[in-house]
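Listed below, chain by chain, are the residues.
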Amino acid sequence: MSTAMNFSTKTFKPRPPDKGAFPLDHFGECSAFKERFMECLRDSGYESSACRQSAMAYLECRMDRQTVLCKMLLFSCFQLRQLMANEPLEKLGFKDLIDEKSEAKPEK
C-alpha cells in the first residue's frame, strides 16, 4: 500500500565511496599503529584532534604495506595489493602536521 502512494519517478542509484574500499588488515600488519591510536583516543577522552599524529602514522602504515591475494582452491598467490592506495597526506587532512615536521628538521 505504501508503494502505491509513491508518485515519485526518481530511483535511488547507489554509488561506490569516493576513495574506494580497502582490504581489511587480516594479518595485523598495522595493528601496533592501530592500538597506539586507540590508546591515544582513550587517554584523551576520545578527542580525536589530540591523536592526529597517531592517525597519520596508522594511515602511512596502511599505504606502505602490501598484502598477497591468493586463490584458495588453486593455492596460488598472484597479486600484491596495498592495504590502502597511496594518497598524499595533505589530501587526507595532515598538511599542518607535515609542515611542522619540515620546520623541525634542521637545515644542513
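Residues numbered from 1 in each chain as written. Predicted model: local features only at pLDDT ≥ 70, side-chain atom pairs only at ≥ 80, totals over all residues. Heavy atoms only, no water.

Q: Can you help me understand the UniProt feature "domain: CHCH" (unreviewed entry) in the protein chain in this one?
A: Per the UniProt entry, the sites bearing "domain: CHCH" (unreviewed entry) are residues 30-63 in this numbering. This span, residues 30-63, is 74% helix and 0% strand, and a straight line between its end C-alpha atoms measures 10 Å. (UniProt positions renumbered as here; feature names shortened; annotations may be inferred. Helix = DSSP H or I, 4+ residues; strand = E, 2+ residues; numbered from the N terminus.)

Q: So what exactly am I meant to see when it comes to the pattern of salt bridges here?
A: Where side chains of opposite charge bring their charged atoms close, a pairing between them can arise. In total, this model carries 3 salt bridges according to the counting rule given. In this structure, E35 engages K34 in a salt bridge whose closest nitrogen and oxygen atoms are separated by 3.8 Å. Given the relative accessible area of 42%, E35 is considered partly exposed. (Salt bridge = Lys/Arg side-chain N within 4 Å of Asp/Glu carboxyl O. Buried < 20%, exposed > 50% of the residue type's maximum accessible area, 1.4 Å probe, protein only.)

Q: When you look at the packing of helix α1 (residues 31-43) against helix α2 (residues 52-64) in this model, what are you seeing that I'm missing?
A: Relative orientation and spacing of two packed helices are given, respectively, by the angle between their axes and the distance between those axes. Two elements in contact, α1 and α2, have axes separated by 9 Å at closest approach and are oriented at 160°. Accordingly, the angle class assigned to the pair α1 and α2 is roughly antiparallel. Read as a crossing pair, α1 and α2 show a hand that is left-handed. Taking contact as the criterion, the partners of F33, K34, R36, F37 and C40 in α1 are, on α2, S54, A55, A57, Y58 and C61. Of the residues assigned to the contact of α1 with α2, the class counts are 7 nonpolar, 1 polar and 2 charged. (Axes fitted to C-alpha atoms, helices over the stretch in contact; angles between N-to-C directions. Parallel < 35°, antiparallel > 145°, perpendicular 65-115°, else oblique. Left-handed = near helix turned anticlockwise from the far one by under 90°. Contact = heavy atoms within 4.5 Å. Nonpolar A, V, L, I, M, F, W, Y, C, P; charged D, E, K, R; others polar.)

Q: Help me out: how do you make sense of the nonpolar core in this one?
A: One recurring pattern in soluble globular proteins: nonpolar side chains tend to sit buried together. F37, C40, L41, C51, A55, M56, L59, M63, M84, L89, F94 and L97 together form the largest nonpolar core, which totals 12 residues. When contributions to this core are tallied by element, the ones reaching two or more residues are α1 and α2. Looking at this core element by element, the count peaks at 4 residues for α2. Ignoring any residue separated from it by four or fewer positions in sequence, one finds L89 in contact with M56, E60, M63, F94, K95 and I98. (Core = buried A, V, L, I, M, F, W, Y, C linked by side-chain atoms within 4.5 Å.)

Q: When you look at the state of the cysteines in this model, what are you seeing that I'm missing?
A: Note on terminology: a disulfide is the covalent bond linking the sulfur atoms of two cysteines. Per the counting criterion, the structure on display carries 2 disulfides. Sulfur-sulfur distance for the disulfide between C40 and C51 comes to 2.2 Å. Since a negative S-S torsion denotes a left-handed disulfide, the C40-C51 link at about -95° is left-handed. Within this pair, whereas C40 is found in helix α1, its partner C51 is found in the loop between α1 and α2, the two being separated by 11 residues in sequence. An identical accessibility class is assigned to C40 and C51; each is buried. (Disulfide = S-S within 2.5 Å.)

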